[in-house]
Amino acid sequence: MTASISSLNKKKHKEKEYFISSLMARMTLKEKIAQLNLVTPTAGTGPFKTKRALEKLKDGTAGNVLSLRGTAESIREKEAFAEQTRLKIPMLSALDIIHGYKTVFPIPLGLSCTWDSVLIKKTARIAAIEATAIGYNNTYSPMVDITRDPRWGRVMEGSGEDPYLGSVIARAMVKGYQGENLDASTSLLACVKHFGMYGAIEAGRDYNTTDMSRVTMYNVYLPPYKAAVEAGAGSVMTSFNDVEGIPSTANKWLLTDLLRNQWGFKGFMVTDYNAVQELIPHGVAADYEEAAEKAIKAGTDMDMASECYSMFMEKLVTEGHIDTSYINRACRRVLEVKYDLGLFNDPYKGYQKGLAERVILSKEHKAVAREATQRAMVLLKNERQTLPLRPDSRVALIGPFLDNKAEMLSMWSPDGVIDSVVSIVAGMKKQFREVKTAVGTYMNDDPALKSFEPFDSAQQAKMIAEAVELAHQSDVVVAVLGESRWLSGEARSMTKISMPACQKELLKALKKTGKPVILVLLSGRPMVLTDIIPHADAIIAAWRPGTMAGDAIADVLSGKYNPSGKLTMTFPRSVGQIPIYYNHKNTGRPFKDGDRGQFKSKYLDEMNSPLFPFGYGLSYTTFRYGDIVLSDTIVNGAKKHITASISVTNTGKYSGEETVQLYINDPVASITRPVKELKDYQKVMLAPGETKKITFNITPEALKFYNHHLVYDWEPGLFNLYIGTNSDDVKEAHFVWNK
């Protein structure tokens, strides 16, 4: 069987090679360059601003398009422009589909808090089904950047700070978008971004520089990109930042030596928006022509929006600055992906008359969105078992987001159908006997953000008074507060990531009424909540929840769903702690909160510990962990694995799901190692009083790291093993593994 499959694959490969080679033999240099040109009718930046984008698709000077919008029929009509060109080469039709197409799921940071790769894969699959029915065949997702700085607005697009979990999710999303076969009618080409290390930009400021050692790259930032490539991602996007002083788009070591030669990537590289032209302000190219030359030589295959390739590549060849082999190589990579997608057999694959209407926002898709939104929410606080609420509660539902359907989406869900969103007030009224509402506050009163929303202090006072009066008449207050969707996303970096002062004022006034106060926090990032904690009895991080927002939030507040989300990014106590992350290293003078030593690595005015650590998340029930039991405590290299077992008991009165997390620390190694690293996890559902034994298999693979010479291996010695409910609250055991 294996031999016959291998023979079949070889035959298919030969057929593809013959087809592409024959096609390229008929192509002119201009036609090859056109395949490297990605235009967009909605361009807003760049030296040429992609003028006459649709005309260029018709005349064959552009072979790919970004952000065509309209009905399935109108998009198909524009994609048919390729048939007017000499060789009728089908186009890639791309769109930024980040957390759902029309059915919008929670933002990726929220989805990652489910720690559920099967569910995350399902959300990507649904996005692919809906998008391909309209006519798209390419998405610029997943974003797999490791993110440690919540000031950066784009943390909302990723899966947080951990390379292990980030890799698990990266694989799931690639498989979800692309499906089992790229040429299937619902396969949507994934594009892994932003390569590379974009999540480490300095000061959390978008488009900024990145600087780190290769040891940090290989051990922390590169694993999710590599996992996505190994999962079969067909394209990868360059990042805006420089890496070791060379912008990604012109970085041969990054794009060719590492990605292709070391990792074996076979797809094509596309720039981020206008990144070729931006080599000029970076300071590594004097003009557009030199920018195009450096990018193509580094391994950048497709130019998004700047059209530097389109304008100057032929001239560069004619004048002898580049060899035609560079263009042939890039063109072949693009054509091969189009072939793998099946576009040469059917340029409009996925399109069927009436299909979009049947699949988009279907009952089944919305059910998955509701589940994903439930599971993405993280219970941060629940004093005196304030939650769940009784169905007969008289609820004062307060906040500026209650009936604002657009605010349930994000800046990265522009194609979401606002009318399809279940508002928070609508969802709450379905499940509680009495729900009365008040706006209570403006979204923001920061003068620096006045362009987002005007502020009137007299009106603010009036709204707070109305909210307080309503609270007095109710049993419980549910305050839905946080940041607007326009304050997180691309070009949405912030130095102040705490709750706006006007919202704090409202929350404090509500707490003074003496009624239980529940804060439902909407945000696209971890926020500084230190001064908020005392003014809420319960806090739920609901992120940007998507299409089924209202129903899912009501499900959690009512106890219809017991929250199980776990944080994938650390919440800081103050902005001054940033960057803050769980898998930090010890210093030569390590400090633990409570130590009295003066000359330690600590702050004078703040604790070192986070407000909420990585992996944190409460439940309406409680869980007790037993002691860790190891199958061996001294292990020889010949043994392939050991097991670590722990009993987990539901000690509360509600059924609940717990995410049991396993971490390992290598205390003595050839290079400094993190205090702990996530290596595995299991999700377990327990009924009240139920106990289950959770067993993890540990192999030498879990002990490996990249050493100073970038050799990936493990070193013998003592290892510390931790299992627990989050990265801070763990049980501990130890073993020695000899080679």
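Residues numbered from 1 in each chain as written. Predicted model: local features only at pLDDT ≥ 70, side-chain atom pairs only at ≥ 80, totals over all residues. Heavy atoms only, no water.

What about the pattern of salt bridges?
How we decide: A side-chain nitrogen of Lys or Arg and a carboxyl oxygen of Asp or Glu constitute a salt bridge if their distance falls within 4 Å. Helix numbers and strand numbers start at the N terminus; a helix is a DSSP run of H or I with at least 4 residues, a strand a run of E with at least 2. Per-residue accessibility, obtained with a 1.4 Å probe over protein chains only, is compared with the maximum for each type, and a residue is labelled buried under 20%, exposed over 50%, and partly exposed between these values.
According to the stated counting rule, one finds 42 salt bridges in the structure shown. Put simply, Arg-525 and Glu-483 hold a salt bridge, and the shortest N to O gap is 2.9 Å. Of this pair, Arg-525 sits in the loop between β15 (517-522) and β16 (538-541) while Glu-483 sits in the loop between β14 (476-482) and α19 (501-511), and the two are 42 residues apart along the sequence. Classification of Glu-483 by relative accessible area gives buried; the value is 5%. As a salt-bridge pair, Lys-566 and Glu-658 come within 3.2 Å of each other at their nearest N and O atoms.

Let's talk about the UniProt feature "domain: Fibronectin type III-like" (unreviewed entry) in the protein
Which entries qualify depends on this criterion: UniProt positions are given in the numbering used here, feature names are shortened, and annotations may be inferred rather than shown by experiment.
With numbering matched to this structure, UniProt assigns "domain: Fibronectin type III-like" (unreviewed entry) to residues 658-727. The span residues 658-727 carries 0% helix and 54% strand; its end-to-end C-alpha distance comes to 14 Å.

Topic: the domain arrangement of the protein
Going by this rule: Domain start and stop points were drawn from an automatic or database domain assignment. The contact criterion used throughout is that any non-hydrogen atoms of two residues lie within 4.5 Å. By convention, the term buried area covers the 1.4 Å-probe accessible surface removed from two parts as they join, with the contributions of both added. Polar here means any residue outside two lists: the nonpolar Ala, Val, Leu, Ile, Met, Phe, Trp, Tyr, Cys and Pro, and the charged Asp, Glu, Lys and Arg; Gly therefore counts as polar.
Entries for the protein in the domain assignment read domain 1 (1-25 + 42-355), domain 2 (378-564) and domain 3 (623-737). Relative to domain 3, the C-alpha centre of domain 1 lies at a distance of 36 Å. With 11 residues of domain 1 at the contact, the number on the domain 3 side is 13 residues. Approximately 1100 Å² of surface area, both sides summed, lies buried where domain 1 meets domain 3, with 64% of it carried by carbon and sulfur atoms. Here domain 1 is connected to domain 3 by 0 salt bridges. When contributions to the side of domain 1 that touches domain 3 are tallied by element, the ones reaching two or more residues are α7 (163-178) and α8 (214-221). Of all the elements, α8 adds the most residues to the side of domain 1 that touches domain 3, at 4 residues. When grouped by side-chain class, the residues that make up the side of domain 1 that touches domain 3 number 6 nonpolar, 2 polar and 3 charged.

Observations concerning the sheet that holds strand β3 (residues 92-95)
To be explicit about the condition: Two strands pair under a simple rule: DSSP has to find at least two bridges between them.
Across the sheet, 5 strands lie side by side as β4-β3-β2-β1-β10; this open sheet has parallel pairing. Pairing within the sheet leaves two strands with one partner each, and these edge strands are β4 (138-139) and β10 (303-304). Here strand β2 (residues 64-66) pairs with β3 via 3 bridges, running parallel. Within β3, the residue paired with Asn-64 across the bridge is Leu-92.

As for the sheet that holds strand β22 (residues 677-686)
The line we're drawing: Axis definition: a line fitted to C-alpha atoms, over the contacting stretch in the case of helices. Angles run 0 to 180 degrees between N-to-C directions.
Overall, mixed pairing links the 5 strands, which are arranged β19-β27-β26-β21-β22 in an open sheet. Sheet topology places β19 (634-636) and β22 at the edges, where each strand pairs with a single neighbour. Each adjacent strand pair in this sheet contributes to an overall mean axis angle of 25 degrees, direction not counted. In this sheet, β22 lies alongside strand β21 (residues 656-665) in antiparallel orientation, the contact comprising 9 bridges. Across the sheet, the residue bridging to Gly-656 is Leu-686, located in β22.

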